[in-house]
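Architecture at a glance
Listed below are the residues making up each chain.
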Amino acid sequence: MTARIDLGEFSADVMFKNIKNVHLSVYPPIGRVLIAAPERMSLEKIRVFVISKLSWIKRQRQKLREQPRETPREYLERESHFLWGKRYLLRVIEGDCVPSIELGHSRLLLRVKPGTSEKKKQSIIAECYRAQLKALLPAFIAIWEPVIGVAVGKFYVQQMKTKWGSCNPIARSIRLNTELAKKPKECLEYIVLHEMIHLLEPTHNARFISMMDRFMPNWRLRRDQLNQLPVRHEEWRY
């Protein structure tokens, strides 16, 4: 069941779920407000909750509007691409070869067959990001598991439009956005820890914040660094 609450300058979409607590999210690119609420919670109580969070919602919406965005990629010669926060210039090499990616000092060498479509080039580079992320994740997970006392059952890497990561406490799994491969490694580590702590505390309550402060005292700096970097261009639809 779904509903909508009109708050004047914006509306909030409400989804009723079999959960115990209210979850509030503000999504890019324009700051769509989504609330997940317990099935038996009244709309009036949800409205009161949202009104109590108006200042926070407005700040998040403003940040999303101000965050820079990448220009659409065309996968052409000398186009800029990023890996772990470092800028690489694309070099497209056509020939009778197996499609591949090779990292040079400041070059990203994309080998493709003549006539390869833009969509195919995009998928090759996306797979490179996915592979880079999957290769690095186990090391960060192994570092933090004994520190916070939690074991990750599985991890997944995929393209995500509205989140850097998510977790499933029941399945003991975490899910990371492939876009994180473009960002500095300290930003990835922050998201990994964030999602691992969610295995202990599903909400962003005082207990969650306390654990973040204890295990990574500079997590806010890493969060701000991540949020200030350009995000992927999307043709957003709702």
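Residues numbered from 1 in each chain as written. Predicted model: local features only at pLDDT ≥ 70, side-chain atom pairs only at ≥ 80, totals over all residues. Heavy atoms only, no water.

Relative to the assigned elements, Ser 166 resides in strand β10 (residues 165–168). On the basis of relative accessibility, which here comes to 18%, the residue Ser 166 falls in the buried class. When neighbours within four sequence positions are excluded, Ser 166 is seen to be in contact with Met 160, Ile 174, Arg 175 and Glu 195. (Helix = DSSP H or I, 4+ residues; strand = E, 2+ residues; numbered from the N terminus. Buried < 20%, exposed > 50% of the residue type's maximum accessible area, 1.4 Å probe, protein only. Contact = heavy atoms within 4.5 Å.)

Our focus in this paragraph is the nonpolar core. Within the largest apolar cluster, 42 residues are counted, with the highest numbers of intra-cluster contacts made by Leu 133, Ile 148, Leu 180, Leu 188, Leu 193, Met 196 and Ile 197. Sorting the residues of this core by element identifies β6 (86–94), β8 (107–112), α3 (118–148), β11 (173–177), α4 (185–198), α5 (206–215) and α6 (219–228) as the ones contributing at least two each. Take this core: its biggest share by element is nine residues, from α3. With sequence-adjacent residues up to four places away left out, Ile 197 is seen in contact with Ile 148, Phe 208, Met 211, Met 212 and Phe 215. (Core = buried A, V, L, I, M, F, W, Y, C linked by side-chain atoms within 4.5 Å.)

Quick look at unusual backbone geometry now. We note that Tyr 75 has phi near 60 degrees; this positive angle belongs to a residue other than glycine. Even without being a glycine, Trp 84 presents a positive backbone phi close to 50 degrees. Structurally, the position occupied by Trp 84 is in the loop between β5 (80–83) and β6.

One turn of an α-helix holds 3.6 residues; hence residues three or four places apart share an orientation. With 14 residues, α4 should cover 20 Å at 1.5 Å per step; its first-to-last C-alpha distance of 20 Å lies within 8% of that length. Within α4, twelve of the 14 residues are buried, leaving the element largely enclosed by the surrounding structure. Inspection of α4 places Cys 187, Leu 188, Glu 189, Tyr 190, Ile 191, Val 192, Leu 193, His 194, Glu 195, Met 196, Ile 197 and His 198 among the buried residues, and these make up the whole buried set. Elements that come into contact with the buried residues of α4 comprise α3, β10, β11, α5 and α6. (Expected span 1.5 Å × (residues − 1).)

Before going further, it helps to examine the sheet that holds β11. Here three strands make up an open sheet; going across it, the order is β9-β11-β10 and the pairing mixed. The sheet is open, and its two borders are formed by β9 (154–158) and β10, each paired with just one other strand. The average angle at which neighbouring strand axes cross in this sheet is 15 degrees, direction not considered. Helix-sheet contacts for α3 involve β9 and β11, and the interaxial angle to β9 is about 150 degrees. The sheet strands contacting α4 are β10 and β11, and the helix crosses β10 at an angle near 25 degrees. (Pairing = 2+ DSSP bridges. Axes fitted to C-alpha atoms, helices over the stretch in contact; angles between N-to-C directions.)

Scanning the model with the defined rule gives one aromatic pair in all. On the basis of an interplanar angle of 15 degrees and a centroid distance of 6.3 Å, the ring pair of Tyr 190 and Trp 219 is categorised as stacked. Of this pair, Tyr 190 sits in helix α4 while Trp 219 is found in helix α6, placing the two residues 29 residues apart along the sequence. Each of the two residues, Tyr 190 as well as Trp 219, counts as buried. Between the NZ or CZ atom of Arg 175 and the centre of the ring of Tyr 156, over which it lies, the distance is 4.5 Å. (Phe/Tyr/Trp six-rings, centres within 6.5 Å; stacked < 30°, edge-to-face > 60°. Lys NZ or Arg CZ within 6 Å of the ring centre and 35° of its normal.)

With that settled, consider empty space enclosed by the protein. By the definition in use, this model includes one cavity of 30 Å³ or more. In this structure, the largest cavity encloses a volume near 40 Å³. Forming the boundary of the largest cavity are His 81, Phe 82, Leu 83, Tyr 88, Leu 103, Leu 108, Ile 125, Cys 128 and Tyr 129. Those elements that place two or more of their residues in the lining of the largest cavity are β5 and α3. Looking at the lining of the largest cavity residue by residue, the class counts come to eight nonpolar, one polar and no charged. (1 Å grid on protein atoms, 1.4 Å probe; cavity = no way out; pocket = protein on both sides within 12 Å on 5 of 7 lines; lining within 4 Å. Points joined across faces, edges and corners; volume = space filled by probe spheres on them. Nonpolar A, V, L, I, M, F, W, Y, C, P; charged D, E, K, R; others polar.)

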